[in-house]
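A closer look at the structure
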Amino acid sequence: MLAMNYRGPYRVRAQHKSDPVIEHPGDAIVRVTRTCICGSDLHLYHGMVPDTRVGHTFGHEFVGVVEDVGPGVRNLRVGDRVLVPFNLFCGSCFYCDRELYGNCHNTNPEATAVGGIYGYSHTAGGYDGGQAEYVRVPMADVGPMIIPDDIDDDTAVLLTDIMPTGYQAAEMGDIEEGDTVVVFGAGPVGIIAAKSAWLMGAGRVIVVDEVDYRLEFVKRFAQCEVVNFREVNDMALHIKKMTDWMGADVCIDAVGADASGSIMQTVTGRLMKTQAGSSLVLHWCINSVRKGGNVSIVGVYGPTFNAVPIGNALNKGLTLRMNQASVKRHLPHLIEHIRAGHIDPKQLITHRIPLEDVADAYHIFSSKLDGCIKTVLVPPRANEVRAVSASALH
Ligand SMILES: NC(=O)c1ccc[n+]([C@@H]2O[C@H](COP(=O)([O-])OP(=O)(O)OC[C@H]3O[C@@H](n4cnc5c(N)ncnc54)[C@H](O)[C@@H]3O)[C@@H](O)[C@H]2O)c1
Ligand SMILES: [Zn+2]
Ligand SMILES: [Zn+2]
(Lines give C-alpha, C1' and ligand atoms only; values in the text may rest on other atoms or scores of the structure.)
(Ligands and ions follow the chains in the order given, each with its own letter.)
Protein backbone atom coordinates (compact mmCIF):
# COMPACT_ATOMS: atom_id res chain seq x y z
CA MET A 1 0.00 0.00 0.00
CA LEU A 2 0.94 3.65 -0.23
CA ALA A 3 1.74 5.29 3.11
CA MET A 4 3.35 8.40 4.51
CA ASN A 5 6.89 7.57 5.55
CA TYR A 6 9.07 9.54 8.01
CA ARG A 7 12.70 9.96 6.87
CA GLY A 8 13.94 12.45 9.49
CA PRO A 9 13.13 16.01 10.62
CA TYR A 10 11.40 17.99 7.85
CA ARG A 11 11.56 14.97 5.51
CA VAL A 12 8.55 12.82 4.79
CA ARG A 13 7.40 11.07 1.64
CA ALA A 14 4.73 8.78 0.26
CA GLN A 15 6.16 5.31 -0.20
CA HIS A 16 4.98 1.74 -0.66
CA LYS A 17 5.02 -0.54 2.38
CA SER A 18 3.37 -3.85 3.25
CA ASP A 19 -0.36 -3.86 3.87
CA PRO A 20 -1.18 -4.22 7.58
CA VAL A 21 -2.62 -7.55 8.63
CA ILE A 22 -4.76 -8.82 11.51
CA GLU A 23 -2.24 -9.58 14.29
CA HIS A 24 -4.68 -10.18 17.13
CA PRO A 25 -8.27 -11.50 17.24
CA GLY A 26 -9.46 -8.05 18.35
CA ASP A 27 -7.93 -6.17 15.38
CA ALA A 28 -9.68 -4.63 12.39
CA ILE A 29 -8.15 -3.37 9.15
CA VAL A 30 -9.58 -0.06 7.98
CA ARG A 31 -9.30 1.32 4.44
CA VAL A 32 -8.71 5.02 4.99
CA THR A 33 -10.98 7.42 3.12
CA ARG A 34 -9.90 10.68 4.79
CA THR A 35 -6.95 11.51 7.03
CA CYS A 36 -5.68 14.85 8.31
CA ILE A 37 -2.40 16.43 9.26
CA CYS A 38 -2.55 17.77 12.82
CA GLY A 39 -0.49 20.38 14.65
CA SER A 40 0.70 17.42 16.73
CA ASP A 41 2.19 15.87 13.59
CA LEU A 42 4.24 19.03 13.19
CA HIS A 43 6.02 18.31 16.50
CA LEU A 44 7.05 14.95 15.00
CA TYR A 45 7.92 16.55 11.65
CA HIS A 46 10.08 19.15 13.40
CA GLY A 47 11.97 16.43 15.29
CA MET A 48 10.61 17.45 18.72
CA VAL A 49 9.30 14.04 19.84
CA PRO A 50 11.78 11.45 21.19
CA ASP A 51 12.00 8.05 19.48
CA THR A 52 10.38 9.01 16.20
CA ARG A 53 11.77 6.30 13.96
CA VAL A 54 12.62 6.43 10.28
CA GLY A 55 9.97 4.45 8.41
CA HIS A 56 7.17 5.30 10.85
CA THR A 57 3.81 6.25 9.33
CA PHE A 58 2.15 9.22 11.05
CA GLY A 59 -1.56 9.96 11.17
CA HIS A 60 -3.86 9.84 14.19
CA GLU A 61 -6.84 11.52 12.50
CA PHE A 62 -8.53 9.13 10.08
CA VAL A 63 -11.86 7.66 9.05
CA GLY A 64 -12.53 4.81 6.68
CA VAL A 65 -14.28 1.58 5.87
CA VAL A 66 -13.72 -1.70 7.72
CA GLU A 67 -12.01 -4.11 5.30
CA ASP A 68 -11.35 -7.03 7.61
CA VAL A 69 -11.94 -8.01 11.22
CA GLY A 70 -10.28 -10.51 13.55
CA PRO A 71 -12.35 -13.43 14.88
CA GLY A 72 -12.83 -11.73 18.28
CA VAL A 73 -14.43 -8.55 16.94
CA ARG A 74 -18.15 -8.30 17.75
CA ASN A 75 -19.17 -4.66 17.21
CA LEU A 76 -17.83 -3.99 13.71
CA ARG A 77 -18.54 -5.61 10.36
CA VAL A 78 -16.78 -5.48 7.05
CA GLY A 79 -18.14 -2.49 5.15
CA ASP A 80 -18.88 -0.35 8.24
CA ARG A 81 -17.92 3.32 7.93
CA VAL A 82 -15.96 4.19 11.08
CA LEU A 83 -14.24 7.08 12.77
CA VAL A 84 -11.29 6.10 14.92
CA PRO A 85 -10.35 8.28 17.93
CA PHE A 86 -6.67 9.21 17.99
CA ASN A 87 -6.16 7.46 21.33
CA LEU A 88 -5.76 3.69 21.46
CA PHE A 89 -7.43 2.46 24.60
CA CYS A 90 -8.44 -0.82 26.18
CA GLY A 91 -11.78 0.26 27.69
CA SER A 92 -11.29 -1.60 30.96
CA CYS A 93 -8.25 -0.35 32.91
CA PHE A 94 -8.30 2.07 35.89
CA TYR A 95 -8.09 5.08 33.56
CA CYS A 96 -10.52 3.87 30.90
CA ASP A 97 -13.07 3.20 33.67
CA ARG A 98 -12.84 6.93 34.45
CA GLU A 99 -13.16 7.87 30.75
CA LEU A 100 -9.51 9.04 30.72
CA TYR A 101 -8.91 7.27 27.43
CA GLY A 102 -5.80 9.31 26.66
CA ASN A 103 -4.16 7.79 29.72
CA CYS A 104 -4.99 4.12 29.11
CA HIS A 105 -2.65 1.91 31.08
CA ASN A 106 -2.56 -1.00 28.61
CA THR A 107 -1.95 0.43 25.14
CA ASN A 108 1.51 1.87 25.80
CA PRO A 109 3.06 -0.24 28.54
CA GLU A 110 6.56 1.21 28.04
CA ALA A 111 5.44 4.68 29.12
CA THR A 112 4.18 6.01 32.41
CA ALA A 113 2.55 9.21 31.15
CA VAL A 114 0.79 8.80 27.84
CA GLY A 115 -1.33 5.99 26.42
CA GLY A 116 -1.11 4.72 22.85
CA ILE A 117 -1.62 7.15 19.96
CA TYR A 118 -1.77 6.15 16.29
CA GLY A 119 1.26 7.25 14.28
CA TYR A 120 2.87 9.17 17.11
CA SER A 121 6.35 7.68 17.54
CA HIS A 122 7.45 4.88 19.83
CA THR A 123 7.02 7.27 22.75
CA ALA A 124 3.29 6.79 22.17
CA GLY A 125 3.44 3.06 21.54
CA GLY A 126 4.92 2.79 18.03
CA TYR A 127 1.59 2.13 16.27
CA ASP A 128 1.60 2.94 12.57
CA GLY A 129 -0.86 5.70 11.75
CA GLY A 130 -3.59 6.42 9.26
CA GLN A 131 -1.82 8.59 6.66
CA ALA A 132 -1.94 5.48 4.53
CA GLU A 133 -4.29 3.44 2.41
CA TYR A 134 -4.87 0.93 5.22
CA VAL A 135 -4.34 0.90 8.95
CA ARG A 136 -4.48 -1.77 11.62
CA VAL A 137 -6.90 -0.83 14.39
CA PRO A 138 -6.27 -2.85 17.57
CA MET A 139 -9.07 -3.35 20.12
CA ALA A 140 -11.54 -2.62 17.35
CA ASP A 141 -14.55 -3.23 19.57
CA VAL A 142 -13.50 -0.41 21.88
CA GLY A 143 -12.21 2.67 20.04
CA PRO A 144 -13.97 3.06 16.69
CA MET A 145 -17.44 4.48 16.31
CA ILE A 146 -19.73 3.68 13.39
CA ILE A 147 -20.37 7.01 11.67
CA PRO A 148 -24.05 8.02 11.66
CA ASP A 149 -25.44 8.32 8.12
CA ASP A 150 -26.03 12.06 8.40
CA ILE A 151 -22.35 12.77 9.27
CA ASP A 152 -20.06 12.88 6.21
CA ASP A 153 -16.44 11.77 6.16
CA ASP A 154 -15.04 15.32 6.25
CA THR A 155 -16.96 16.10 9.43
CA ALA A 156 -16.20 12.71 10.94
CA VAL A 157 -12.45 13.03 10.46
CA LEU A 158 -12.50 16.27 12.46
CA LEU A 159 -14.22 14.36 15.27
CA THR A 160 -11.23 12.02 15.64
CA ASP A 161 -9.16 14.75 17.30
CA ILE A 162 -9.35 18.50 16.83
CA MET A 163 -12.99 19.01 17.62
CA PRO A 164 -12.99 16.98 20.86
CA THR A 165 -9.60 18.46 21.77
CA GLY A 166 -10.69 22.07 21.26
CA TYR A 167 -13.90 21.35 23.16
CA GLN A 168 -12.05 19.67 26.03
CA ALA A 169 -9.63 22.61 26.16
CA ALA A 170 -12.58 24.87 26.92
CA GLU A 171 -14.14 22.33 29.28
CA MET A 172 -10.92 22.02 31.32
CA GLY A 173 -10.98 25.82 31.72
CA ASP A 174 -14.08 25.41 33.93
CA ILE A 175 -15.56 28.49 32.28
CA GLU A 176 -18.21 30.28 34.31
CA GLU A 177 -20.97 32.56 32.98
CA GLY A 178 -19.45 35.81 31.73
CA ASP A 179 -15.80 34.74 32.00
CA THR A 180 -13.09 36.27 29.84
CA VAL A 181 -11.28 33.47 28.03
CA VAL A 182 -7.96 33.94 26.23
CA VAL A 183 -6.99 31.23 23.74
CA PHE A 184 -3.35 31.12 22.63
CA GLY A 185 -3.08 29.62 19.14
CA ALA A 186 -5.43 30.07 16.18
CA GLY A 187 -4.76 26.67 14.68
CA PRO A 188 -7.65 24.21 14.34
CA VAL A 189 -7.56 23.32 18.06
CA GLY A 190 -7.54 26.95 19.23
CA ILE A 191 -10.30 27.85 16.76
CA ILE A 192 -12.59 25.10 18.12
CA ALA A 193 -11.64 26.02 21.71
CA ALA A 194 -12.69 29.63 21.06
CA LYS A 195 -16.00 28.55 19.56
CA SER A 196 -16.61 26.08 22.42
CA ALA A 197 -15.88 28.74 25.06
CA TRP A 198 -19.06 30.58 24.02
CA LEU A 199 -21.07 27.35 24.29
CA MET A 200 -19.85 27.10 27.90
CA GLY A 201 -20.95 30.60 28.87
CA ALA A 202 -17.93 32.83 28.20
CA GLY A 203 -18.68 36.54 28.18
CA ARG A 204 -15.62 37.48 26.17
CA VAL A 205 -13.22 35.44 23.99
CA ILE A 206 -9.81 36.68 22.84
CA VAL A 207 -7.55 34.66 20.52
CA VAL A 208 -3.80 35.27 20.18
CA ASP A 209 -1.58 34.20 17.25
CA GLU A 210 0.88 35.77 14.82
CA VAL A 211 -0.60 34.50 11.56
CA ASP A 212 -3.00 37.12 10.24
CA TYR A 213 -5.06 34.89 7.97
CA ARG A 214 -5.76 32.55 10.90
CA LEU A 215 -6.71 35.47 13.14
CA GLU A 216 -9.06 36.73 10.42
CA PHE A 217 -10.61 33.27 10.16
CA VAL A 218 -11.17 32.81 13.88
CA LYS A 219 -12.59 36.31 14.21
CA ARG A 220 -15.29 35.36 11.70
CA PHE A 221 -15.77 31.73 12.75
CA ALA A 222 -15.89 32.31 16.51
CA GLN A 223 -16.92 35.99 16.67
CA CYS A 224 -14.02 36.77 19.01
CA GLU A 225 -11.48 39.52 19.53
CA VAL A 226 -7.97 38.83 18.22
CA VAL A 227 -4.43 39.90 19.12
CA ASN A 228 -1.37 39.51 16.92
CA PHE A 229 1.41 38.90 19.44
CA ARG A 230 3.99 40.40 17.06
CA GLU A 231 2.31 43.76 17.67
CA VAL A 232 2.53 43.45 21.46
CA ASN A 233 5.56 44.04 23.66
CA ASP A 234 4.52 42.32 26.86
CA MET A 235 1.72 39.77 26.52
CA ALA A 236 0.65 39.59 30.19
CA LEU A 237 0.57 43.39 30.44
CA HIS A 238 -1.46 43.58 27.25
CA ILE A 239 -4.07 41.10 28.50
CA LYS A 240 -4.24 42.94 31.82
CA LYS A 241 -4.84 46.23 30.00
CA MET A 242 -7.64 44.56 28.05
CA THR A 243 -9.28 43.28 31.25
CA ASP A 244 -9.36 46.22 33.65
CA TRP A 245 -6.02 45.07 35.08
CA MET A 246 -7.50 41.85 36.40
CA GLY A 247 -6.16 39.35 33.89
CA ALA A 248 -8.24 36.73 32.09
CA ASP A 249 -10.43 34.32 34.04
CA VAL A 250 -9.29 31.43 31.88
CA CYS A 251 -6.24 30.99 29.62
CA ILE A 252 -5.97 28.12 27.15
CA ASP A 253 -2.69 26.90 25.64
CA ALA A 254 -3.48 25.57 22.16
CA VAL A 255 0.09 25.97 20.88
CA GLY A 256 2.48 23.68 22.74
CA ALA A 257 6.15 22.96 22.14
CA ASP A 258 6.51 24.77 18.82
CA ALA A 259 5.56 28.22 20.13
CA SER A 260 7.40 31.09 18.50
CA GLY A 261 7.78 34.63 19.84
CA SER A 262 10.81 34.40 22.15
CA ILE A 263 14.38 34.05 20.95
CA MET A 264 15.46 32.52 24.27
CA GLN A 265 12.69 29.90 24.19
CA THR A 266 13.27 29.16 20.51
CA VAL A 267 17.01 28.60 21.02
CA THR A 268 16.77 26.55 24.23
CA GLY A 269 13.55 24.72 23.40
CA ARG A 270 13.14 24.31 19.68
CA LEU A 271 16.74 24.39 18.44
CA MET A 272 19.03 23.11 21.25
CA LYS A 273 16.25 21.05 22.87
CA THR A 274 17.57 21.68 26.38
CA GLN A 275 13.89 21.74 27.35
CA ALA A 276 10.88 19.98 25.86
CA GLY A 277 10.17 22.71 23.35
CA SER A 278 9.41 26.37 23.81
CA SER A 279 7.47 26.97 27.02
CA LEU A 280 6.56 30.53 26.03
CA VAL A 281 2.81 29.99 25.95
CA LEU A 282 2.88 28.38 29.40
CA HIS A 283 4.52 31.59 30.63
CA TRP A 284 1.95 33.71 28.86
CA CYS A 285 -0.96 31.67 30.26
CA ILE A 286 0.30 31.67 33.85
CA ASN A 287 1.16 35.35 33.73
CA SER A 288 -1.95 36.58 31.86
CA VAL A 289 -4.59 34.78 33.92
CA ARG A 290 -5.99 36.52 36.99
CA LYS A 291 -5.29 35.33 40.51
CA GLY A 292 -7.32 32.21 41.21
CA GLY A 293 -7.89 31.75 37.49
CA ASN A 294 -7.76 28.57 35.44
CA VAL A 295 -5.16 27.51 32.91
CA SER A 296 -6.08 24.74 30.48
CA ILE A 297 -3.28 23.17 28.47
CA VAL A 298 -3.82 21.00 25.40
CA GLY A 299 -0.74 22.15 23.47
CA VAL A 300 1.63 19.19 23.42
CA TYR A 301 5.04 19.19 25.13
CA GLY A 302 7.75 16.56 25.15
CA PRO A 303 8.42 14.58 28.30
CA THR A 304 11.64 16.24 29.48
CA PHE A 305 12.44 19.37 31.50
CA ASN A 306 10.67 22.66 30.84
CA ALA A 307 11.58 25.98 32.42
CA VAL A 308 8.07 26.84 33.59
CA PRO A 309 7.22 29.59 36.12
CA ILE A 310 5.72 27.18 38.58
CA GLY A 311 6.41 29.57 41.52
CA ASN A 312 4.03 32.09 39.97
CA ALA A 313 1.40 29.40 39.51
CA LEU A 314 1.71 28.50 43.18
CA ASN A 315 1.63 32.04 44.49
CA LYS A 316 -1.40 32.79 42.37
CA GLY A 317 -3.28 29.71 43.53
CA LEU A 318 -3.95 28.64 39.98
CA THR A 319 -5.73 25.58 38.83
CA LEU A 320 -3.76 23.96 36.04
CA ARG A 321 -5.54 21.30 34.05
CA MET A 322 -4.13 19.46 31.09
CA ASN A 323 -4.46 16.19 29.26
CA GLN A 324 -4.61 14.42 25.97
CA ALA A 325 -8.22 14.62 24.85
CA SER A 326 -10.57 11.75 25.74
CA VAL A 327 -12.04 11.74 22.26
CA LYS A 328 -14.71 9.09 22.66
CA ARG A 329 -16.25 10.72 25.74
CA HIS A 330 -17.13 13.81 23.69
CA LEU A 331 -18.50 12.24 20.53
CA PRO A 332 -22.21 12.02 21.48
CA HIS A 333 -22.56 15.67 22.56
CA LEU A 334 -20.35 16.99 19.76
CA ILE A 335 -22.47 15.23 17.17
CA GLU A 336 -25.51 16.92 18.75
CA HIS A 337 -23.77 20.33 18.52
CA ILE A 338 -23.03 19.67 14.83
CA ARG A 339 -26.61 18.59 14.14
CA ALA A 340 -27.95 21.68 15.94
CA GLY A 341 -25.71 23.87 13.77
CA HIS A 342 -23.71 25.23 16.74
CA ILE A 343 -20.35 24.28 15.23
CA ASP A 344 -19.56 23.35 11.64
CA PRO A 345 -16.02 21.98 11.82
CA LYS A 346 -15.81 21.37 8.06
CA GLN A 347 -15.33 25.10 7.54
CA LEU A 348 -11.77 24.63 8.84
CA ILE A 349 -10.77 22.45 5.90
CA THR A 350 -8.79 24.60 3.48
CA HIS A 351 -6.81 21.93 1.61
CA ARG A 352 -7.56 18.55 0.10
CA ILE A 353 -4.37 16.89 -1.12
CA PRO A 354 -3.71 13.40 -2.56
CA LEU A 355 -1.67 11.17 -0.21
CA GLU A 356 0.92 10.90 -2.99
CA ASP A 357 1.77 14.59 -2.36
CA VAL A 358 2.15 14.20 1.41
CA ALA A 359 5.57 15.95 1.41
CA ASP A 360 4.05 19.11 -0.10
CA ALA A 361 1.11 18.87 2.28
CA TYR A 362 3.39 18.87 5.35
CA HIS A 363 5.42 21.75 3.99
CA ILE A 364 2.34 23.88 3.29
CA PHE A 365 0.80 23.22 6.73
CA SER A 366 4.07 23.62 8.65
CA SER A 367 5.04 26.86 6.90
CA LYS A 368 1.47 28.26 7.03
CA LEU A 369 1.41 28.82 3.27
CA ASP A 370 -1.56 29.38 1.01
CA GLY A 371 -4.00 30.23 3.82
CA CYS A 372 -3.73 26.70 5.21
CA ILE A 373 -5.74 25.86 8.33
CA LYS A 374 -6.59 22.16 8.02
CA THR A 375 -5.44 19.70 5.39
CA VAL A 376 -7.27 16.54 4.44
CA LEU A 377 -5.19 13.86 2.72
CA VAL A 378 -7.04 11.59 0.34
CA PRO A 379 -5.48 8.14 -0.26
CA PRO A 380 -5.67 6.69 -3.80
CA ARG A 381 -8.13 3.98 -2.79
CA ALA A 382 -10.40 6.33 -0.83
CA ASN A 383 -13.30 6.14 -3.24
CA GLU A 384 -13.08 2.47 -4.10
CA VAL A 385 -16.34 0.64 -3.63
CA ARG A 386 -15.55 -2.85 -2.51
CA ALA A 387 -17.83 -5.76 -3.25
CA VAL A 388 -18.40 -7.43 0.10
CA SER A 389 -19.08 -11.13 -0.07
CA ALA A 390 -21.88 -12.52 2.06
CA SER A 391 -19.45 -14.74 3.95
CA ALA A 392 -17.45 -11.71 5.07
CA LEU A 393 -20.52 -10.36 6.82
CA HIS A 394 -20.39 -12.65 9.78
N1 LIG B 1 -3.97 17.35 23.98
C2 LIG B 1 -4.44 16.81 22.87
O3 LIG B 1 -5.19 15.83 22.92
C4 LIG B 1 -4.12 17.40 21.54
C5 LIG B 1 -4.79 17.00 20.39
C6 LIG B 1 -4.55 17.68 19.19
C7 LIG B 1 -3.60 18.70 19.14
N8 LIG B 1 -2.94 19.02 20.29
C9 LIG B 1 -1.94 20.10 20.29
O10 LIG B 1 -2.60 21.35 20.21
C11 LIG B 1 -1.71 22.30 19.63
C12 LIG B 1 -2.40 22.99 18.48
O13 LIG B 1 -2.74 22.09 17.44
P14 LIG B 1 -3.20 22.65 16.02
O15 LIG B 1 -3.56 21.49 15.17
O16 LIG B 1 -4.18 23.74 16.20
O17 LIG B 1 -1.77 23.22 15.53
P18 LIG B 1 -1.27 24.37 14.54
O19 LIG B 1 0.19 24.17 14.43
O20 LIG B 1 -2.09 24.41 13.29
O21 LIG B 1 -1.59 25.70 15.35
C22 LIG B 1 -0.75 26.26 16.31
C23 LIG B 1 -0.90 27.78 16.19
O24 LIG B 1 -0.14 28.40 17.24
C25 LIG B 1 0.40 29.60 16.72
N26 LIG B 1 1.48 30.07 17.61
C27 LIG B 1 2.81 29.81 17.57
N28 LIG B 1 3.42 30.43 18.59
C29 LIG B 1 2.44 31.09 19.29
C30 LIG B 1 2.46 31.91 20.45
N31 LIG B 1 3.60 32.18 21.09
N32 LIG B 1 1.27 32.43 20.88
C33 LIG B 1 0.09 32.17 20.22
N34 LIG B 1 0.03 31.41 19.10
C35 LIG B 1 1.21 30.87 18.66
C36 LIG B 1 0.83 29.20 15.33
O37 LIG B 1 1.01 30.35 14.50
C38 LIG B 1 -0.35 28.33 14.88
O39 LIG B 1 -1.34 29.08 14.22
C40 LIG B 1 -0.47 21.50 19.22
O41 LIG B 1 0.50 21.59 20.25
C42 LIG B 1 -0.98 20.09 19.15
O43 LIG B 1 0.06 19.14 19.35
C44 LIG B 1 -3.19 18.42 21.47
ZN1 LIG C 1 -4.23 15.52 16.11
ZN1 LIG D 1 -7.33 1.30 29.28
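Residues numbered from 1 in each chain as written. Chains lettered and ligands numbered in written order. Predicted model: local features only at pLDDT ≥ 70, side-chain atom pairs only at ≥ 80, totals over all residues.

Considering the overall build of the protein chain
Looking only at helices and strands, the protein chain features 12 helices and 17 strands. For the protein chain, the C-alpha radius of gyration of 20 Å lies close to 21 Å, the compact-globule estimate for 394 residues. Seen through its C-alpha atoms, the protein chain measures out along the principal axes to roughly 70 × 45 × 40 Å. Counting the 394 residues in the protein chain, one finds 51% classified as buried. Sequence-distant contacts, at least 24 apart, represent 72% of the contacts inside the protein chain between residues at least 6 apart. (Helix = DSSP H or I, 4+ residues; strand = E, 2+ residues; numbered from the N terminus. Rg over C-alpha atoms; globule rule 2.2 N^0.38 Å. Buried ≥ 20, exposed ≤ 12 C-beta atoms within 10 Å, placed from the backbone. Contact = placed C-beta atoms within 7 Å.)

Some remarks on unusual backbone geometry
Its identity as a non-glycine residue notwithstanding, D51 has a phi of 60°, on the positive side. Mapped onto the elements of the fold, D51 is located in the loop between α1 (39–45) and β4 (62–69). What makes D51 exposed here is the crowd of 11 C-beta atoms within 10 Å. Positioned with a positive phi, W245 is a non-glycine residue whose angle comes to about 70°. Note that W245 resides in the loop between α7 (235–242) and β13 (248–253).

Examining the pairing of strand β12 (residues 225–228)
For strand β11 (residues 204–209) and β12, the ladder comprises four bridges, and the chain directions are parallel. Looking at β12, one finds that I206 is bridged to E225. As for the winding sense of the linkage, the β-α-β connection from β11 through helix α6 (residues 212–222) to β12 is right-handed. (Pairing = 2+ DSSP bridges. Right-handed = clockwise from strand over helix to strand, strands pointing away.)

Topic: the environment of E356
If you trace the backbone, E356 turns up in the loop between β16 (349–354) and α12 (358–366). With 342 residues separating them in the primary sequence, E356 and A14 have C-alpha atoms 5.4 Å apart. Aside from chain neighbours lying at most four places away, what touches E356 is L2, A14 and P380.

Focus: the domain arrangement of the protein chain
Per the domain assignment, the segments of the protein chain are domain 1 (2–161 + 326–392) and domain 2 (166–322). On a C-alpha basis, the centres of domain 1 and domain 2 stand 27 Å from each other. Counting residues at the interface gives 21 residues for domain 1, matched by 21 residues for domain 2. For the side of domain 1 that touches domain 2, the secondary-structure elements that each account for two or more residues are α1 and α11 (327–339). (Domains from an automatic or database assignment.)

Examining the packing of helix α4 (residues 162–172) against helix α5 (residues 188–199)
At a minimum axis separation of 7 Å, α4 and α5 run at an interaxial angle of 50°. Taken together, the axes of α4 and α5 are oblique relative to one another. Read as a crossing pair, α4 and α5 show a hand that is right-handed. The segment α4 lies against α5, with I162, M163, T165, G166, Y167, A169 and A170 engaging P188, V189, I191, I192, A193, S196 and A197. Of the residues in the contact of α4 with α5, the class split is 11 nonpolar, three polar and no charged. (Axes fitted to C-alpha atoms, helices over the stretch in contact; angles between N-to-C directions. Parallel < 35°, antiparallel > 145°, perpendicular 65-115°, else oblique. Left-handed = near helix turned anticlockwise from the far one by under 90°. Nonpolar A, V, L, I, M, F, W, Y, C, P; charged D, E, K, R; others polar.)

Considering the sheet that holds strand β14 (residues 289–297)
Strands sit in the order β12-β11-β10-β13-β14-β15 across an open sheet of six strands; the sheet is parallel. What marks the edges here is a single partner per strand, and that holds for β12 and β15 (319–322). Taking each pair of neighbouring strands and ignoring which way they run, the sheet shows an average axis angle of 20°. Strand direction decides the pairing type here: strand β10 (residues 180–184) and β11, joined by five bridges, are parallel. Along β11, the bridge assignment pairs V181 with V205.

Regarding the site of ligand 1
Taken together, 34 residues lie near ligand 1, and G39, S40, G187, G256 and V300 sit nearest. Every element with two or more residues in the shell around ligand 1 is listed here: α1, α4, α5, β11 and α9 (280–288). By residue number, the principal contributor to the shell around ligand 1 is α1, which donates four residues. Partitioned by chemical class, the residues of the shell around ligand 1 number 18 nonpolar, 12 polar and four charged. Taken together, domain 1 (2–161 + 326–392) and domain 2 (166–322) each give at least three residues to the shell around ligand 1, which thus spans both. (Near = placed C-beta within 6 Å.)

Observations concerning the pairing of strand β17 (residues 374–378)
Within β17, four of the five residues are buried, leaving the element largely enclosed by the surrounding structure. With three bridges joining them, strand β3 (residues 28–37) and β17 adopt antiparallel strand pairing. Looking at the pairing, I37 lines up with T375 of β17. Where β16 meets β17, five bridges bridge the pair, whose relative direction is parallel. Across the sheet, residue P354 finds its bridge partner in β17, namely V378. Crossover connection from β16 via α12 to parallel β17: handedness right-handed.

Some remarks on the environment of G64
You can see G64 is positioned in strand β4. On the neighbour-count criterion, G64 (32 C-beta atoms within 10 Å) is buried. Distance from G64 to A382, taken between C-alpha atoms, is 7.9 Å for residues 318 residues apart in sequence.

Looking at the confidence of the model for the protein chain
Averaged over every residue, the pLDDT of the protein chain is 93; residues scoring 70 or more account for 94%. Taken together, the stretch residues 387–394 has pLDDT below 50 and engages in six contacts with residues farther than four places along the chain or on a different chain. (pLDDT = per-residue confidence, 0-100.)

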